[in-house]
Amino acid sequence: MVNLLDIAIVAWVIYRLIKSLMGTRVMTLIQGVILFLAIRFVAQWIGLTTVTWLINQVVTYGVIAAVVIFAPEIRGFLEKFGRTPQYFIQTRQVSNEEKMITAFVEAAKYMSPRKIGALVSVERTQTLQEYITTGIPLDADISSQLLINIFIPNTPLHDGAVIIKGDKIVTASSYLPLTESSGISKEFGTRHRAAIGLSEATDAFTFVLSEETGGISVAYKGNFQHDLSYEAFELLLREVFVTGEEAPRTLWQKLGRKKR
């Protein structure tokens, strides 16, 4: 049993060593050393005394030269090897939903105080393909920086909606259906009406940043809430995308009703 453990440890160390050095100049050096030692073995076996002595001298002083020449690579290997315990510790992977929520909140914190208008819809179980085809394809990873850049005023993509499908921003400048409800407050503009209209037609989650007030609004499954704080906005995002539970009815403001 001890012998098996001994062999397993040595095999694992060699594996980690090869994996850490793969693609570096040190691996090229090691290949050269192996070839050099093979030549030495052949020379010794044949009986070439002078050649064997010369190779022994090169090997002896070559180790010192290699340490000096490849110091950065050796240091990098030791740093990787020192991080090995991380492989035994299960770390929590950040989910796509968590990344998306973080991007939304960070984008809102940047755009809201600057009164940069935004309209973002996330596809749920019902397809948004009808509206995706009206926009400009992006197929980009979700990030707060990209969302901010899309909605900067007077840029080619700022007008219209960003549509997210899965973990990708699939389009920008998409057109959404406007609500036909007559009970909406006059304070809400086209972006808000589009968000409400989409929530009436699909189960997409849509949030709006007002360019008039900087307020954050959310439309989801025919319900509408506006003037959200950053904390309340993040809470709603987590309720929908992380816990999978819809917010209680009391959390949703009635259409057009001002939040106190």
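Residues numbered from 1 in each chain as written. Predicted model: local features only at pLDDT ≥ 70, side-chain atom pairs only at ≥ 80, totals over all residues. Heavy atoms only, no water.

J.: Teacher, can you tell me more about a nonpolar patch on the surface here?
T.: Together, Val-33, Phe-36, Leu-37, Trp-53, Leu-54, Val-58 and Val-59 make up a nonpolar patch on the protein surface, roughly 600 Å² of accessible area in all. Listed by contribution, the elements that provide at least two residues to the nonpolar patch are helix H2 (25–46) and helix H3 (49–69). In terms of residue count, the dominant contributor to the nonpolar patch is H3 (4 residues). Given the relative accessible area of 38%, Val-33 is considered partly exposed. (Patch = residues over 30% accessible without salt bridge, like charges linked within 9 Å, V, L, I, M, F, W, Y side chains within 5 Å. Areas by Shrake-Rupley, 256 points an atom, 1.4 Å probe, with all protein chains shown as cover. Salt bridge = Lys/Arg side-chain N within 4 Å of Asp/Glu carboxyl O. Helix = DSSP H or I, 4+ residues; strand = E, 2+ residues; numbered from the N terminus. Buried < 20%, exposed > 50% of the residue type's maximum accessible area, 1.4 Å probe, protein only.)

J.: Please explain unusual backbone geometry as it appears in this structure.
T.: Leaving glycine out, the prevailing phi sign among residues is negative, and the prevailing peptide bond configuration is trans. For Asn-154, which is not glycine, the phi torsion reads 65° and is therefore positive. With respect to the secondary-structure elements, Asn-154 resides in the loop between helix H7 (144–151) and strand E3 (161–165). Backbone geometry at Asp-227 places phi at a positive 55°, although glycine is not the residue there. Examined against the element boundaries, Asp-227 turns out to sit in strand E7 (residues 223–228).

J.: Would you take a moment to explain the packing of aromatic side chains for this structure?
T.: Working definition: an aromatic ring pair is given by the centre-to-centre distance plus the angle between the planes. Per the counting criterion, the structure on display carries 5 aromatic pairs. Both rings, one in Phe-188 and one in Phe-224, keep their centres 5.1 Å apart while their planes meet at 85°; by these two values the pair is edge-to-face. Here the residue Phe-188 occupies a position in the loop between strand E4 (168–174) and helix H8 (190–201), and Phe-224 occupies one in strand E7, the gap between them amounting to 36 residues. Note on accessibility: Phe-188 and Phe-224 belong to one class, buried. (Phe/Tyr/Trp six-rings, centres within 6.5 Å; stacked < 30°, edge-to-face > 60°.)

J.: Which parts of the structure should I look at to understand the sheet that holds E3?
T.: What links the strands of a sheet is backbone hydrogen bonding, and the strands pair in either a parallel or an antiparallel sense. Across the sheet, which stays open at both edges, the 7 strands sit in the order E2-E4-E3-E1-E5-E6-E7 with mixed pairing between neighbours. With partners counted over all chains shown, the strands left at the sheet margins are strand E2 (136–141) and E7, one partner each. Averaged over all pairs of adjacent strands, the angle between their axes in this sheet comes to 20°, without regard to strand direction. Judged from the 3 bridges that link them, strand E1 (residues 118–122) and E3 form a sheet pairing that is parallel. In the strand pairing of E3, Val-122 is matched with Ile-164. Those strands touched by H7 are E1, E2, E3 and E4, and its axis lies near 130° from that of E1. (Pairing = 2+ DSSP bridges. Axes fitted to C-alpha atoms, helices over the stretch in contact; angles between N-to-C directions. Contact = heavy atoms within 4.5 Å.)

The values are spatial; any link to function lies outside them.
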